Amino acid sequence: MVQLSRRHFHRMALSAGAAAALGMFGRGVAYGAPGSGFRAMVGVFLFGGNDGWNMLVPTDTAAYAAYAASRQTVALPSAGIVPLAGSGLGLHKAMASLAPIWDKGAMALVLNTGTLATPLTKATYLSRPDLRPSNLMSHSDEQEHWQGLRAQSVNRDGFMGRLHDRMGASGVPPVISFGGNNVALIGQQAQPLVLPSRGVLSRYGSNSTAIEAAVNSFAGGTGLDDVTASTAETIRDAYAMTAATGAVLGTTGSVEAFFVDPATGAALTSDVSQQLKRVARMIEARSTFGHTRQSFFVSQGGYDTHDAQVAWGNVVAGTHANLLGDLALALSAFYKAMEALGLQDNVTAFTMSDFGRTYRGNAQLGCDHAWGNNHLVIGGGVTAGGVFGRYPDPTLGGADDISNEGRFLPTTAQEEYLGAILKWHGVAEADLPYVVPNWATWSTNGRGPIGLYG
Amino acid sequence: MASSIADAFWRFLALFTANGSSTPWSAGLTAFDQPVTTIDGAAAVPVDVLRLARQASFGPTPQLVSRIGELGIPGWIDEQFRVRGSTYGDLVKWVPNDYCSDKTIANCWQNHFTRVPVAARFYADAALAPDQLRQRVAFALSQILVVSGSGVNSTAGIASYQQVLLDGAFGNYRDLLGKVTLHGSMGLYLSMADSSRSAPSENYARELLQLFTMGPMQLAADGTPVLAANGAPVPNYGSDDIKALSRALTGWTYTKSGGRTDWTGNDYSQPMVVRPVNWAYDTQAKAFLGVTVPAGAAPADGVRIALDAAFNHPSTPPRLARLLIQHLVKANPSPGYVARIGAVFVDNGKGVRGDMKAIVRAILLDPEARGAEPRGGGFGKVKEPVLAMAGLVRALGLQTDGAAMTLRDAALGQPVFQAPSVFNFYPPDYPLPRSSGLVSPASKLYSAGGTVALQNLVFDWTIKGEANRWDWNAANSLNGASSSANTLPLWAGWEAIAADPDRLVAVVDLLMLDNTATAAQKQALRSAALSITNTNAQLQARKRAQALLYIAASSPNFLVDR
């Protein structure tokens, strides 16, 4: 292996040559001044393509009528929408638990955002196939485009991982996932910490020195091929991270109490709630790890709602309502936990998803793969009442639709959205082109990160 | 291999014996005798034989390496094409979808509406049944043509679907595509069932092209992407193709069983049928992928034309060749390897396209798959958790009905037959950590949590592997049978071997380390064994065996198949 591993890096970072090593890798040199106290970003990836058009619904009379006319089988009734004051939009009723956060001015809405390699109009979309993201509407490709931020090529690393490359952190990685290994987390040098959403992380091991010596003789074997050497390092890292984080995950923190359903008092059990509870725990324990910046990846699956998205005879129920209900309860619990820690303005939670879904519902009470989508940003001191981006013309086949089903061309790029959060998190101007590969495209002609934080 | 070598070695290996099939394979419960071999006999087994066992079975056992030795590698592959053993047929027992409203039926939900009985059968057969290659190919197919228990709540449906894959593993890929497309479980999972012309679902149409055949971008015959003048990949299809294809796939619904006509009668274990109404199927002409389904064609014609177009697309052979190689042999096949297998997909030598037997044989006999263990960039693949667990079970020689594995696989990140989505548990291009450009699909499952879960499993089933383990004796009441001893360790054979520490090292090296442990590693194993002492010689031997199995199975050498 030519590349130095993180393990090696840690070892060196403790040595007198640490500064030289940092310089050698260009890490930690240009990362923005973290003097402004603790900050964390929490990306929530909604796998399968969340129907953001039913997460945020227009509430003004004419706009709602246009919504209902185009959405057809999956349109929510007005009674199924919780208005967000002053925005002209409302949340799916299943997400009512988030409305108080909006009322506090701690939530922002980001409209019709999607993967773009370059700004497009409907005319340029139609005439210039070479400018489109590759494999649009493919789950796997669009997930990678969101996580890697390269919309026209293969993504072998992602924005949180590249951020990590520039942080120069040692010890327990400050890029942490409870939603599995994902491209977003992979850096060109740095490795994330990926932990389970439930259970205690502890390694059963032998207390015999001879057995441990034999284990190490294999794990530290020399002359291994690339795949085996990488796997050996994965095993060694897992052991080290177990030792470093097991105690934090194994004890109940003060944040646990907030992860309950406010209506019933029952503990939340959804996987996304377990993940966000652990994020809250890691934030609570930030000083144990010496973290002044943290980045988290959590996920919720099941959003590929081609059928039964809404229930027959009661469209406010169904698969999508259940998913959004779990998500909203988990996010509102997380926000309350951050308030209790006094960190609600220091921690931003935000959604991502493969793509939006077709505006027109299909005959099986579901909808198909589309493009632009709506997202939520919570906490972090977002602009109160902030609504960013532009809601599309909902006419099927209209000015914003690249088809006849309501596949809206995004008017805000994923990099303008995530770039705003990355800048807030502390990425220096000099590092933006590394962390956000197409930054030059999105920082010219009056574009740039959306003004989430004013 | 040279017959002279084989003659010399297999005499030693004849000391391995099998007690075979006194119980029907379908009942799942039988066991191999424990490995008994000499130091020289173990060391004499060529690495290539052990490599084949890792590639084409769920892991080496003494019986398996002996059999490969008797027949030679091509001979063993040909025998595997004839052997039958595993089946899910007896699990295909339809029940109405409101069956569990009768609260008196014990374990009703588990046994009729989950993957659990099918998964247990899978593990029992992986551990013990003789048709290892068929099972490995079916397992690979189950991760390409994915149906998941998280979307299909029907034990009979999942079992029937796996039976289709098992039966089709050595058939023709086009036939398999036909059965998969119209299977009730797939109809449910990807919403083709009840899709109708007023607003057809695009779900199955899209994944048929993206995942089951050609993939989204044009591939050259060697699997590398075709690039346009500006360097961008060239798409294989557009939204209009998907839309027209989805219209061609309208008009189907579930077979109803038990004389029922409402949703409770939906039978997810049967092929779908055409809906007997005149408004479901789109009878207009549809054009996609350069072909046309003429106006007025029957629904079955629409399916046939669609599947033929996808199957005959030039990107389909290299794409499937690469996926199958990744499942069986290595994560980073060379373009030449993909091209050679793709060519066999196109023509099996007799003008037949899609002959799985020829494809599988070519994958395993390719120069890139055979020979002494290779070193260097890009060789081998990480064992996905299911293969690591099954390989451990086979090396230990556990007798099992598979239930114990169903209690552990979710924690390992791979509950078999319950992928998180149709994109399976991992993508084929997931990057190998700390490498530039190499991929390692299974590495996605080895987070700190996943890695520790596997290490803990190994620890539990070796050092803590006494017969009274909770997860080996869980009263799971699979299919209504109360099994009190689901999984049994048969330590007697290992105790016999471990009486001699050098022999123990040799057999562990053979079964778990591909006979590739270095001198230093063998010495470390030997020292670990000798560090364990007990006045009871039998107990000492067992504990030594358990410790060495733990060390070997927790090693990267076991976890990577090269």
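Residues numbered from 1 in each chain as written. Chains lettered and ligands numbered in written order. Predicted model: local features only at pLDDT ≥ 70, side-chain atom pairs only at ≥ 80, totals over all residues. Heavy atoms only, no water.

### Comments concerning the overall build of chain B
Right, on to step 1. Secondary structure summary: chain B contains 25 helices and 10 strands in total.
Right, on to step 2. Relative to the compact-globule value of 24 Å for 562 residues, chain B shows a C-alpha radius of gyration of 25 Å, a close match.
Right, on to step 3. Its C-alpha atoms give chain B principal-axis dimensions of roughly 80 × 65 × 40 Å.
Right, on to step 4. A total of 562 residues make up chain B; the buried ones form 65% of that total.
Right, on to step 5. Looking at chain B alone, contacts between residues at least 24 apart form 73% of all its contacts between residues at least 6 apart.
Right, on to step 6. Just so you have it, chain B exposes about 18200 Å², and 56% of that area is on carbon and sulfur atoms.
Right, on to step 7. Chain B carries 48 positive and 43 negative side-chain charges, and their two centres are separated by 2 Å. (Helix = DSSP H or I, 4+ residues; strand = E, 2+ residues; numbered from the N terminus. Rg over C-alpha atoms; globule rule 2.2 N^0.38 Å. Buried < 20%, exposed > 50% of the residue type's maximum accessible area, 1.4 Å probe, protein only. Contact = heavy atoms within 4.5 Å. Areas by Shrake-Rupley, 256 points an atom, 1.4 Å probe, with all protein chains shown as cover. Lys, Arg positive; Asp, Glu negative; His and termini not counted. Charge placed at Lys NZ, Arg CZ, Asp CG, Glu CD.)

### Here's the deal with the state of the cysteines
Residue and element names in this part refer to chain B.
Right, on to step 1. Applying the stated criterion across every chain yields a total of 1 disulfide over all chains.
Right, on to step 2. Put simply, Cys100 and Cys108 are joined by a disulfide, and their sulfur atoms are 2.0 Å apart. Its S-S torsion of approximately -90° makes the covalent link between Cys100 and Cys108 left-handed.
Right, on to step 3. Assessed through its relative accessible area of 6%, Cys108 is described here as buried. (Disulfide = S-S within 2.5 Å.)

### Looking at the interface of chain B and chain A
Right, on to step 1. Opposite the 71 residues of chain B that make contact, chain A presents 70 residues.
Right, on to step 2. Where chain B abuts chain A, roughly 5500 Å² becomes buried across the two surfaces, and 58% of that area is made up of carbon and sulfur atoms.
Right, on to step 3. Scanning the region where chain B abuts chain A turns up 5 salt bridges.
Right, on to step 4. On the surface where chain B and chain A come into contact, there are 25 residue pairs in polar contact (both at pLDDT 80 or more). (Buried area = accessible area lost by both parts, 1.4 Å probe. Salt bridge = Lys/Arg side-chain N within 4 Å of Asp/Glu carboxyl O. Polar contact = N/O pair within 3.5 Å; in protein donor to acceptor, adjacent residues only side chain to side chain.)

### Observations regarding the environment of Leu131 of chain A
Residue and element names in this part refer to chain A.
Right, on to step 1. The residue Leu131 is located in the loop between helix H6 (122-127) and helix H7 (139-148) in this model.
Right, on to step 2. For the pair Leu131 and Pro196, spaced 65 residues apart in sequence, the C-alpha separation works out to 39 Å.
Right, on to step 3. Not counting residues within four places of it along the chain, the set of residues in contact with Leu131 comprises Ala117, Thr118, Leu120 and Gln152.

### Quick look at the sheet that holds strand E2 (residues 56-58) of chain A
Residues and elements named next belong to chain A.
Right, on to step 1. Read from one edge of the open sheet, 3 strands run E2-E4-E3, paired in antiparallel fashion. One side of each edge strand has no neighbouring strand; the edge strands of this open sheet are E2 and strand E3 (81-84). Averaged over all pairs of adjacent strands, the angle between their axes in this sheet comes to 40°, without regard to strand direction.
Right, on to step 2. In terms of strand pairing, E2 meets strand E4 (residues 89-92) through 3 bridges, oriented antiparallel. Paired with Leu56 across the two strands is Leu91, which belongs to E4.
Right, on to step 3. Packed on one face of the sheet, helix H4 (residues 61-71) meets E2 and E3 and runs near 115° to E2. (Pairing = 2+ DSSP bridges. Axes fitted to C-alpha atoms, helices over the stretch in contact; angles between N-to-C directions.)

### Let's talk about the confidence of the model for chain A
Right, on to step 1. Summary statistics for chain A give a mean pLDDT of 90 and a share of 92% for residues scoring 70 or more.
Right, on to step 2. Considering only residues more than four positions removed or in separate chains, one finds that residues 1-35 of chain A, a stretch of pLDDT under 50, has 64 contacts. (pLDDT = per-residue confidence, 0-100.)

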